[in-house]
Amino acid sequence: MQKLPTPMDVKLMNATATVLFLGALVLGVAGLVKWAARQPMFAIQSISVVGDVAHNNEVTLRANLGGKIKGTFFTVDLAAARAAFEAVPWVRRAVVRREFPNRLKVVLQEHQVAAYWGDEDSSRLLNNFGEVFEANVDEVERDDLPHLNGPDGQSGQVLGMYHTLQPMFSPLDVSLDELELTNRGGWRAQLDSGGVIELGRGTSDEITQRLQRFLGTVTQVARQYGRGANAVEQADLRYGEGYALRLRGVTTVAAPAVRKALPVDH
């Protein structure tokens, strides 16, 4: 006996019934998940924090977070939680993960301070990536940090230039204490002895060449007046073939031969 084909209206009814069943199943599962998500057993009960915590502890974190992390294991917004932790002073990066059934685990990376940034009364610091951040400067534990300054968008360039120039001063037993990139693109350095050096504008290679020329001869010039390199009060390296120099306690000009090769300004 030949089997008759299923009528089209029956096919449509079967397909509709299947769709309705699947829809009801999805709604049921979604409702079940919503119901489970609201259960007290899934409410966030604890947050474990690991990683860099030199400047933060449970008390300071709790005070700074101030109830910003909301929801349950299923509903907590991890991106918002990460942003809340990264807004805490000294925190550079935070990774937030769920831990079933009601915990969060947070891995913190703190800023590693490399320099003071901006004016001396500023609360801004520079980390070792050249990024500017704000924190309580009284919590800085190092006393050998330089003061750097310049446009915020060029903080990384300023830090890089400091790392390039600082070792060059070691043979003279002086240290680079401050470095500034001015708004006009010029570099200005200040030594721990108080001396100020105008380095001028240019590429990193051009700046280092000028400084090498200065450091290679300044001891000889200062010795003519019974002084050492730490007696430098002011130096201007923005000359094509030499530099202008002022030594602390010296009021006479250099000998003509020296002045021709290495201009001295008093």
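Residue numbers here run from 1 along each chain, matching the order of that chain's written sequence. Residues qualify for local features only when their pLDDT is at least 70, as the model is predicted, and side-chain atom pairs are given and counted only at 80 or more; totals for whole chains, interfaces and linings, by contrast, use all residues. Side-chain calculation: all heavy atoms of the structure are included, whereas hydrogens and water are not.

**Observations concerning helix H5 (residues 204–223)**
With 20 residues, H5 extends 29 Å from end C-alpha to end C-alpha; this agrees with the ideal 28 Å at 1.5 Å per step. One fitted axis covers the seven residues ending at a residue, a second covers the seven starting there, and the bend at that residue is the angle between these axes. For the purposes of this entry, the term helix denotes a DSSP run of H or I that reaches at least four residues, the term strand denotes a run of E that reaches at least two, and both are numbered from the N terminus. Where H5 bends most, at Thr217, the angle is about 40°. Of all the positions in H5, only Ile207, Thr208, Arg210, Leu211, Phe214, Leu215, Thr217, Val218, Val221 and Ala222 are classed as buried. In this scheme, a helix's expected span is set at 1.5 Å multiplied by one less than its residue total. Any residue under 20% of the maximum accessible area for its type is buried, any over 50% is exposed, and the rest in between are partly exposed; the area is computed with a 1.4 Å probe on protein chains only.

**Considerations on the environment of Gly150**
Position of Gly150 among the secondary structure elements: in the loop between strand E7 (147–149) and helix H4 (155–165). Residues Gly150 and Asp119, 31 residues apart in the sequence, show an inter-C-alpha distance of 9.7 Å. Contact definition: two residues touch when any of their heavy atoms are within 4.5 Å. Setting aside its immediate chain neighbours within four residues, Gly150 contacts Trp117 and Leu181.

**With respect to the pairing of strand E11 (residues 232–236)**
A strand pair is defined by DSSP finding two or more bridges across the two strands. As paired strands, strand E10 (residues 196–200) and E11 are joined by three bridges and run parallel to one another. When the bridges of E11 are listed, Glu198 appears paired with Asp236. Handedness of a crossover is defined as follows: orient the strands so they point away from the viewer, and if the path from the first strand over the helix to the second runs clockwise, the crossover is right-handed. The handedness of the E10 to E11 crossover, carried by H5, is left-handed. Across four bridges, the pairing between E11 and strand E12 (residues 244–247) is antiparallel. From the neighbouring strand, Gln234 faces E12, where its bridge partner is Arg246.

**Points about the packing of aromatic side chains**
Each aromatic pair joins two rings of Phe, Tyr and Trp (for Trp, the six-membered one) with centres within 6.5 Å, and gets the label stacked for planes under 30 degrees apart, edge-to-face for over 60, and tilted for any other angle. Tallied over the full model, the rule gives four aromatic pairs. Seen in terms of ring centroids, Phe73 and Phe74 are 5.3 Å apart; in terms of plane orientation they differ by 90°. Their pairing is edge-to-face. Ring pairing ties together the aromatic residues Phe73, Phe74 and Phe100, which thus form one cluster.

**Brief notes about empty space enclosed by the protein**
Whether a set of points on the 1 Å grid over the protein atoms alone is a cavity depends on a 1.4 Å probe fitting there but being unable to get out, while an open set qualifies as a pocket with protein on both sides within 12 Å along at least five of seven lines; lining residues are those with an atom within 4 Å of a point. Grid points are joined across faces, edges and corners, and a volume is the space filled by probe spheres set on the points. By the definition in use, this model includes one cavity of 30 Å³ or more. There is about 30 Å³ of room inside the largest cavity. Contributing to the lining of the largest cavity are Phe169, Leu172, Val174, Leu191, Ile197, Phe214, Leu215, Val218, Ala229 and Val232. At three residues, H5 tops the list of elements feeding residues into the lining of the largest cavity. Within the lining of the largest cavity, the residues separate by chemical class into ten nonpolar, no polar and no charged. When residues are grouped by polarity, Ala, Val, Leu, Ile, Met, Phe, Trp, Tyr, Cys and Pro land in nonpolar, Asp, Glu, Lys and Arg in charged, and all others, Gly among them, in polar.

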